[in-house]
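One-letter residues, chain by chain:
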Amino acid sequence: MHLLVRDLDRHVPVKVEMNVDVEFTGDHVEGFNVFADIPGIDERHKNEVVLITAHLDSWAAATGATDDGAGVVIAMEAMRMLSALRVKPARTIRVALWTGEEQGLLGSTEYVRTVTRSIG
């Protein structure tokens, strides 16, 4: 959407054509967060987690691949490189790819809620 606004601000003619096919699937649609860990090896710090995050979902009015597909690729590539280098970190390194972020930070909020409950 911001690309359209930018063009309009610059007085560039804009034409929008949409074909919207909508289906109501109920009031609850499941989404899933995705996680992968490189375990920490230091006995004192292995339960501490360094997060690398991005979100899997995209907003219909956004630019799709860059919101946040680019972030997902960067996070996955960082983990791939660390794995390829056979890094043995003191702390656990976790990639967390959230779902439902565009709908109200649903994935990351649930993760925080779950982690908070588990550490009490």
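Preceding this paragraph is the structure being described.
Described in the following lines is the structure provided in the data block. Predicted model, so just to flag it, every value in this text is computed and none were measured. (Residues numbered from 1 in each chain as written. Predicted model: local features only at pLDDT ≥ 70, side-chain atom pairs only at ≥ 80, totals over all residues. Heavy atoms only, no water.)

**Considering the sheet that holds strand β1 (residues 34-38)**
Worth spelling out the cut-off: When DSSP finds at least two bridges between two strands, those strands are taken to pair. Going along the chain from the N terminus, every DSSP run of H or I of four or more residues is numbered as a helix, and every run of E of two or more is numbered as a strand. To get an axis, a line is fitted to the C-alpha atoms, and for a helix only the part in contact is used. The angle between two axes follows their N-to-C directions and goes from 0 to 180 degrees. Contacts were defined at the residue level, with two residues in contact if any of their heavy atoms lie within 4.5 Å.
Pairing is mixed across the open sheet formed by 3 strands, whose spatial order is β1-β3-β2. Edge positions in the sheet fall to β1 and β2 (49-55), since each has one partner strand and no second. Across this sheet, the average inter-strand angle for adjacent strands is 15 degrees, counted without regard to direction. Examined bridge by bridge, β1 and strand β3 (residues 92-98) share 5 bridges and lie antiparallel to one another. The residue bridging D37 from the neighbouring strand is R94, located in β3. Across the sheet, helix α2 (residues 69-84) touches β1, β2 and β3, and the angle it forms with β3 is around 155 degrees. Contacting β1, β2 and β3, helix α3 (residues 106-119) runs over the sheet at an angle of about 140 degrees to β3.

**Quick notes on the nonpolar core**
Convention followed: We call a set of buried residues a nonpolar core when its members are Ala, Val, Leu, Ile, Met, Phe, Trp, Tyr or Cys and they connect through side-chain atoms within 4.5 Å of each other. Whether a residue is buried, partly exposed or exposed follows from its accessible area with a 1.4 Å probe, protein chains only, as a fraction of its type maximum: under 20%, in between, or over 50%, in that order.
Among the nonpolar cores identified, the biggest contains 8 residues, and these are I38, A54, V72, A75, M79, I93, V95 and L97. Those elements that provide at least two residues to this core are α2 and β3. Those residues in contact with L97, other than ones at most four positions away along the chain, are F32, N33, V34, A54, L56, V72, A75 and M76.

**Details of the packing of aromatic side chains**
What counts is decided by this rule: Only Phe, Tyr and Trp rings are paired, with Trp represented by its six-membered ring, and only when their centres lie within 6.5 Å; those with planes under 30 degrees apart are stacked, over 60 edge-to-face, the remainder tilted.
In this structure the tally under the stated criterion is 3 aromatic pairs. Seen in terms of ring centroids, F35 and W98 are 6.0 Å apart; in terms of plane orientation they differ by 75 degrees. Their pairing is edge-to-face. With F35 in strand β1 and W98 in strand β3, the pair connects residues that are 63 residues apart, well separated along the chain. With relative accessibility at 38%, the residue F35 sits in the partly exposed group. W98 sits in the buried class, given a relative accessible area of 8%.

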